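Chain by chain, the residues run as shown.
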Amino acid sequence: VLASVQDYVYGFDRDGRVVFANRRLLELWGCLATDVLGRTMRELDYPAEVEQRLREGIEHVLATGTVHESVTFYTSPQGTAGYYANV
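This structure is a prediction, so every number in the text was calculated from the model and none was measured.

Moving on: the environment of Tyr8. The topology assignment puts Tyr8 in the segment before strand E1 (10-12). Overall, Tyr8 belongs to the partly exposed group, its relative accessible area being 23%. Separated by 16 residues in the primary sequence, Tyr8 and Arg24 have C-alpha atoms spaced 5.8 Å apart.

Here is the structure:
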């Protein structure tokens, strides 16, 4: 079900490594799942502050067991820019 969602959906492990990215997100990134699975946001060329916010969100979820929400600005490798919500 998550693979076909039209929003950008991805999941990370405790170390901030991508464990899932849906088709829509892979299209935005212009790559295959094999290109991103197991990699961190920095390894995917995201700015350090984006990776830091992601790590803070993961730590929040692990420490509190509650949802962490934030908004991230992005520019895809193809030049598409916008915002997406991190939940």
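Still more to cover.
The next point concerns a nonpolar patch on the surface. Judged by side-chain polarity, Val71, Phe73 and Tyr83 come together as a nonpolar surface patch covering roughly 360 Å² of accessible area. Following the sequence through the fold, Phe73 ends up in strand E3 (residues 70-75).

Although it is not a glycine, Asp45 sits at a positive phi angle of roughly 70°. Locating Asp45 in the fold gives a position in the loop between helix H2 (33-36) and helix H3 (48-64). Exposure remark for Asp45: the relative accessible area of 70% places this residue in the exposed category.

Once that is clear, we can look at the nonpolar core. One finds Phe12, Ala21, Trp29 and Val36 to be the most contacted residues of the largest nonpolar core, which totals 16 residues. At the level of elements, E1, strand E2 (18-21), helix H1 (23-29) and H3 are the ones that each hand at least two residues to this core.

Another point: the pairing of E2. As judged from the 3 bridges shared by E1 and E2, these two strands associate in the antiparallel manner. Considered in E2, the bridge of Phe12 is made with Val18. Turn length for the E1-E2 hairpin, with the two strands adjacent in sequence and antiparallel, is 5 residues, and the turn residue Gly16 shows positive phi of about 80°.

Right, let's get into H3. Taking 1.5 Å per residue, 17 residues should reach 24 Å; H3 reaches 24 Å between its end C-alpha atoms and fits that length. Within H3, burial applies to Val50, Glu51, Leu54, Gly57 and Ile58. When H3 is viewed along its axis, its buried side chains cluster within an angular range of 120° and face the same direction. Buried residues along H3 sit in contact with E1 and E3. A positive backbone phi angle near 70° is found at Gly65, which sits one or two residues after H3.

Rules used throughout
- Residues numbered from 1 in each chain as written.
- Predicted model: local features only at pLDDT ≥ 70, side-chain atom pairs only at ≥ 80, totals over all residues.
- Heavy atoms only, no water.
- Helix = DSSP H or I, 4+ residues; strand = E, 2+ residues; numbered from the N terminus.
- Buried < 20%, exposed > 50% of the residue type's maximum accessible area, 1.4 Å probe, protein only.
- Patch = residues over 30% accessible without salt bridge, like charges linked within 9 Å, V, L, I, M, F, W, Y side chains within 5 Å.
- Areas by Shrake-Rupley, 256 points an atom, 1.4 Å probe, with all protein chains shown as cover.
- Salt bridge = Lys/Arg side-chain N within 4 Å of Asp/Glu carboxyl O.
- Core = buried A, V, L, I, M, F, W, Y, C linked by side-chain atoms within 4.5 Å.
- Pairing = 2+ DSSP bridges.
- Expected span 1.5 Å × (residues − 1).
- Arc of directions from axis to C-beta.
- Contact = heavy atoms within 4.5 Å.

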